[in-house]
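# Breakdown of the fold
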Amino acid sequence: WSVYDSSRRTVSYTTDSRIVISARVNVAGGNMLMEDATGYMGTQLTVLQSEEVKNRASARLRSERPELTGTPDINANFLPRTTIISITATSQNQQLVQPFLNALMEEYIAFRRDRRVETSRVVMKDVSAEIARLEKVISGQENDLLRYKQRNNIGFWELQSNEAARNLSQLKTRDASLRMQLR
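Throughout what follows, the structure given in this document is the object of discussion. Computed from a prediction, not measured in an experiment: that's the story for all the values here.

Secondary structure assignment for the chain yields 5 helices and 5 strands. Moving toward the C terminus, one meets the helices and strands of the chain in the order α-β-β-β-α-α-β-β-α-α. Among the 183 residues that make up the chain, the fraction classed as buried is 22%. Long-range pairs, those at least 24 residues apart, make up 68% of the contacts in the chain between residues at least 6 apart in sequence. When the accessible surface of the chain is summed, it comes to about 13800 Å², and 53% of that surface belongs to carbon and sulfur atoms.

Dropping the structure here:
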């Protein structure tokens, strides 16, 4: 009976790894941006276990080691009170487990990097569009100011103001001189 029982059991191989996740993003000027930790960490678990990341890992493994086929079961959890994800891969194929887990972690990191690059590209596009819009606004306001100055002959009034200030200064100097003579 024990021989029969042991022959019906399937052997599974398990390997695990850990990865540290940071919810901080460096911003130009040395500032740090902190994302909502709970939502961010949950998202990272979902991404790590997603079909897209698993498919990328499978494709990578097929290109590097075509003899390894299949996809192990992946389980990922945060270690309590940390930002460390513990990842476990389980499969009946002993040769597949560790290489797949390594490929999965590499693809997860590549996926995050690709998303950051894409997000940066979108932000740069939005910022560039906003800069172009503001340049148009500034140009329009500068043109409005120039037309206002021309229409109201501001150049003439600035010249008159400067001349009046010069005349006032001369009159004050002359007044001071005449007062000194009276003493």
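From this point on, the discussion continues.
Quick look at the pattern of salt bridges now. For the structure on display, the rule yields 11 salt bridges. In this structure, Lys54 and Glu51 form a salt bridge, with 4.0 Å as the shortest nitrogen-oxygen distance. On the criterion of helical spacing, the pair formed by Lys54 and Glu51 is a turn pair, its members being 3 residues apart in helix α3 (residues 51–64). Residue Glu51 is classed as exposed on the basis of its relative accessible area, which comes to 53%. Residue Asp114 is joined to Arg56 by a salt bridge in which the shortest nitrogen-to-oxygen separation is 3.0 Å.

Together, Val123, Val127 and Ile131 give the surface a local cluster of nonpolar side chains, amounting to about 230 Å² of exposed area. Within the fold, Val127 resides in helix α4 (residues 94–151).

With that out of the way, let us pick up unusual backbone geometry. You will see that Arg81, though not glycine, has its phi angle at about 55°, which is positive. For Arg81, the location among the structural elements is in the loop between β4 (73–78) and β5 (84–91). Overall, the relative accessible area of 84% leaves Arg81 in the exposed class.

Scoring rules and cut-offs
Residues numbered from 1 in each chain as written. Predicted model: local features only at pLDDT ≥ 70, side-chain atom pairs only at ≥ 80, totals over all residues. Heavy atoms only, no water. Helix = DSSP H or I, 4+ residues; strand = E, 2+ residues; numbered from the N terminus. Buried < 20%, exposed > 50% of the residue type's maximum accessible area, 1.4 Å probe, protein only. Contact = heavy atoms within 4.5 Å. Areas by Shrake-Rupley, 256 points an atom, 1.4 Å probe, with all protein chains shown as cover. Salt bridge = Lys/Arg side-chain N within 4 Å of Asp/Glu carboxyl O. Patch = residues over 30% accessible without salt bridge, like charges linked within 9 Å, V, L, I, M, F, W, Y side chains within 5 Å.

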